[in-house]
Amino acid sequence: MANSSRTFSDVRNVILSAHKNTGAQDKVGFYDTWAENYEQDVALLDYRAPLLAAECVSSFFRGDREKAAVLDVACGTGLVSAHKMGFRHFVGIDGSLKMLELAKKTGLYQQLTPCLLGQDEIPVESETYDIVIIVGALSVGQVPLTVIGELLDATKPGGYVCMTTRGNTDNRDYKAELEKMIRALEEEQKWSRVAVVELEEWEKAISEQDSGYIPGTIYLYQKGFKCSP
């Protein structure tokens, strides 16, 4: 059961402690332990990325929402899919079994599958999803950038890939590498840019290197259609 007496200082200490754990299994253990307090804690951080990303996808999607298949990567407790925006078919994957247990209780997902991103391949068929979305996990010490190709592979031609990352001091190098990879795939005509949204107030800063709010970015890209031979 979540602890209702938790403070921003408690949350800050919890998240900073995770930065000391570098191994994939350590990260999973951290999120398993954090699961019960997760939603309450990110609310204390004023973490709005799930809503903002869902709104971005909703603004540009032109297909049939009731039939569209959405893959929620690193779904956690289901914060992204909770903002349904008219979509009805959700599949979630995450490395934390405890997080998946909580996501199951939302009743939003048709399927939930454990997957340690960067270590395990995303367990879905190629070109299956109208929307593939990953919020919060693309940052230093979390998910390696090799997963970007897997996100694209899971997306139908003409489908959308939505990604987010933070712009805090510690994440600047990771963000630069992410954007380099995004541009390379664009130059290869694997996808095209739909929207890139820069937000100054992404969530409250927890590091001593940052103050107030840290910035964040939403990237929305559309997968290209295959050319006929």
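Calculation rules
Residues numbered from 1 in each chain as written. Predicted model: local features only at pLDDT ≥ 70, side-chain atom pairs only at ≥ 80, totals over all residues. Heavy atoms only, no water. Phe/Tyr/Trp six-rings, centres within 6.5 Å; stacked < 30°, edge-to-face > 60°. Helix = DSSP H or I, 4+ residues; strand = E, 2+ residues; numbered from the N terminus. Buried < 20%, exposed > 50% of the residue type's maximum accessible area, 1.4 Å probe, protein only. Expected span 1.5 Å × (residues − 1). Bend = angle between axes of the 7 residues up to and from the residue. Pairing = 2+ DSSP bridges. Axes fitted to C-alpha atoms, helices over the stretch in contact; angles between N-to-C directions.

Asks: Mind laying out the packing of aromatic side chains, listing which residues take part and the relevant values?
Replies: Overall, the coordinates contain eight aromatic pairs when judged by the stated rule. Between tryptophan 34 and tyrosine 38 the ring centres are 4.9 Å apart and the planes differ by 85°, which places this aromatic pair in the edge-to-face class. Placement of the pair is tryptophan 34 and tyrosine 38 together in helix α2 (residues 24-44), with a separation of four residues, close to one helical turn. Accessibility classification places tryptophan 34 together with tyrosine 38 in one group, the buried group. Pairwise contacts between aromatic rings join Phe30, Tyr31, Trp34 and Tyr38 into one cluster.

Asks: Which residues make up α2, and what values do they have?
Replies: Helical periodicity: at 3.6 residues per turn, an α-helix aligns residues three or four positions apart in one direction. The end-to-end C-alpha separation of α2 is 26 Å, well short of the 30 Å expected for 21 residues at 1.5 Å each. Alanine 35 marks the point of greatest bend in α2, at about 70°. Residues of α2 that are buried include every one of Lys27, Val28, Phe30, Trp34, Ala35, Asn37, Tyr38, Asp41 and Val42, and no others. Taken from the residues just after α2, aspartate 46 is the one with a positive phi, measuring 55°.

Asks: Go over the sheet that holds strand β1 (residues 69-73), please, and point to the residues and values.
Replies: Pairing is mixed across the open sheet formed by seven strands, whose spatial order is β3-β2-β1-β4-β5-β7-β6. Whereas interior strands pair on both sides, the edge strands pair on one side only; in this sheet they are β3 (109-114) and β6 (191-204). The average undirected angle you get between the axes of adjacent strands in this sheet is 15°. With seven bridges joining them, strand β5 (residues 155-166) and strand β7 (residues 213-223) adopt antiparallel strand pairing. Paired with cysteine 162 across the two strands is leucine 220, which belongs to β7.

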